[in-house]
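What follows is each chain in one-letter form.
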Amino acid sequence: MDLEQFAASREQHEIVQLPIPDKELCDRFEQVFTAAVNDVLRELGLVYQTLPNSILPLKDEMKVAGIAFTVKGSKNLTLTSEMEQRAQMLEALHEDSVCVWDTSGDDESAQWGEIMTMASKRRGCRGAIVDGGVRDTDKVLEQDFPVFCKYKTSNGMLGRFRMIGWQMPVKLGDVMIFPGDVILGDIDGVIVIPRKLAYDVLLKAEYIKENEKDIKQMIVDGLTPTEVVKRGGYF
């Protein structure tokens, strides 16, 4: 059995250098919107890049763009060195990261809370995407830190859940996420942009955002939908 090709598809992808710095890339992605990015990815044949629609922002106004810092964990009752492990993960966070948690379908614990938010912000992390739970919700909201999650609970993860590792490929729903990929989240959910495509996708999404101003103006000016389509517009 030759598993080399399969193994390569699951290994850490090389984090390629992009034409602009990561900070500028993330700042500019925050100025576009997930629907525009989704349309660009669809043109490229990538139609399964959105995370499960159960993962939503704590507040509708929250928006985040950043570089994927992946965390993998699962239900686990063991306690040995668990806090030390959390500390190591937090210290590995980098500037302009978004912490993406693959919880293996956990439905019980909060993987994110007030203190983790404080520590992550100090590391330059831009937000968190948790396929699981959040607690200390009011205290997280006070910190103006974008968090997307499935549910809220008072259950801490100690003695219920623990990390397996970080900065490894993870899968949320149908989407494989590799460290270094670009994450964009807004009121419509979260989308993943493969790193090697991120700059080109950004440029096309920025074009869509500007082009839609013209389409909206056609409607304001009283053109019929048929006339809008004839002039290159869409709905």
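Rules behind the numbers
- Residues numbered from 1 in each chain as written.
- Predicted model: local features only at pLDDT ≥ 70, side-chain atom pairs only at ≥ 80, totals over all residues.
- Heavy atoms only, no water.
- Helix = DSSP H or I, 4+ residues; strand = E, 2+ residues; numbered from the N terminus.
- Rg over C-alpha atoms; globule rule 2.2 N^0.38 Å.
- Buried < 20%, exposed > 50% of the residue type's maximum accessible area, 1.4 Å probe, protein only.
- Contact = heavy atoms within 4.5 Å.
- Areas by Shrake-Rupley, 256 points an atom, 1.4 Å probe, with all protein chains shown as cover.
- Lys, Arg positive; Asp, Glu negative; His and termini not counted.
- Charge placed at Lys NZ, Arg CZ, Asp CG, Glu CD.
- Core = buried A, V, L, I, M, F, W, Y, C linked by side-chain atoms within 4.5 Å.
- Polar contact = N/O pair within 3.5 Å; in protein donor to acceptor, adjacent residues only side chain to side chain.
- Axes fitted to C-alpha atoms, helices over the stretch in contact; angles between N-to-C directions.
- Nonpolar A, V, L, I, M, F, W, Y, C, P; charged D, E, K, R; others polar.
- Salt bridge = Lys/Arg side-chain N within 4 Å of Asp/Glu carboxyl O.
- Arc of directions from axis to C-beta.
- Pairing = 2+ DSSP bridges.

Draft legend 1. Spotlight on the overall build of the chain. The secondary structure content of the chain amounts to eight helices and 13 strands. A compact globule built from 235 residues should have a C-alpha radius of gyration of about 18 Å, and the chain, at 19 Å, falls within 12% of that. Counting only C-alpha atoms, the chain reaches 65 × 50 × 30 Å along its principal axes. A burial count over the chain gives 46% of its 235 residues as buried. If you take every contact in the chain between residues at least 6 apart in sequence, the share linking residues at least 24 apart comes to 77%. For the chain, the exposed area adds up to about 12400 Å²; of that, 50% sits on carbon and sulfur atoms. Counting 28 positive and 38 negative side-chain charges, the chain places the centres of these two groups 2 Å from one another.

Draft legend 2. Summary view of the nonpolar core. Counting 22 residues, the largest nonpolar core has Met 89, Cys 99, Trp 101, Trp 112 and Val 147 as its most contacted members. Counting only elements with at least two residues in this core, the list comes to strand S2 (64-75), helix H4 (82-92), strand S3 (97-102), strand S5 (127-130), strand S7 (147-149) and strand S9 (161-166). Not counting residues within four places of it along the chain, the set of residues in contact with Cys 99 comprises Phe 69, Val 71, Met 89, Leu 93, Trp 112, Cys 125, Gly 127, Ala 128 and Ile 129. Of all hydrophobic cores here, the second largest spans 21 residues; its members include Cys 26, Ala 36, Leu 184 and Ile 208.

Draft legend 3. Layout of the side chain of Thr 103. For Thr 103, the position within the fold is in the loop between S3 and strand S4 (110-112). A polar side-chain atom of Thr 103 sits 3.1 Å from the main-chain amide nitrogen of Asp 106. Excluding residues that lie within four positions of it along the chain, Thr 103 makes contacts with Gly 73, Ser 74, Gln 111, Asp 131, Gly 132 and Phe 161.

Draft legend 4. Expanded view of the packing of H4 against helix H5 (residues 114-122). It is the contact of H4 with H5, at a shortest axis distance of 9 Å, that shows an interaxial angle of 35 degrees. Residues Arg 86, Met 89 and Leu 90 of H4 form the contact with H5, whose participating residues are Met 116, Ala 119 and Ser 120. Residue composition of the contact of H4 with H5, grouped by class: four nonpolar, one polar and one charged.

Draft legend 5. How the structure looks around the pattern of salt bridges. Throughout the structure, instances matching the rule amount to 15 salt bridges. Here Arg 28 makes a salt bridge to Glu 24, at a shortest N to O gap of 3.0 Å. Taken together, the residues span about one helical turn, with Arg 28 and Glu 24 both in helix H2 (residues 22-29) at a distance of four residues. On the basis of relative accessible area, Glu 24 is assigned to the partly exposed category, the value being 33%.

Draft legend 6. Spotlight on H2. Along H2, the residues classified as buried are Leu 25, Cys 26 and Phe 29. Buried residues in H2, looked at end-on, bunch into an arc of 95 degrees, giving them a common side. Those residues of H2 that are buried lie in contact with helix H3 (34-43), S2, strand S12 (182-186), strand S13 (189-193) and helix H7 (198-220).

Draft legend 7. Here's a closer look at the pairing of S13. For S13, a buried count of five out of five residues is recorded, marking the element as mostly surrounded by other parts of the structure. Burial of the side chains of S13 extends over both faces: Gly 189, Ile 191 and Ile 193 are buried on one face and Val 190 and Val 192 on the other. Where S12 hands over to S13, the hairpin turn is made up of two residues, counted between the paired strands.

Draft legend 8. Inspection of the sheet that holds strand S8 (residues 151-152) at higher detail. Here three strands make up an open sheet; going across it, the order is S4-S6-S8 and the pairing parallel. Each edge of the sheet is formed by a strand with only one pairing partner; in this case those strands are S4 and S8. Relative to S8, strand S6 (residues 133-134) runs parallel, the two sharing two bridges. Within S8, the position partnered with Val 134 by the bridge is Lys 152.

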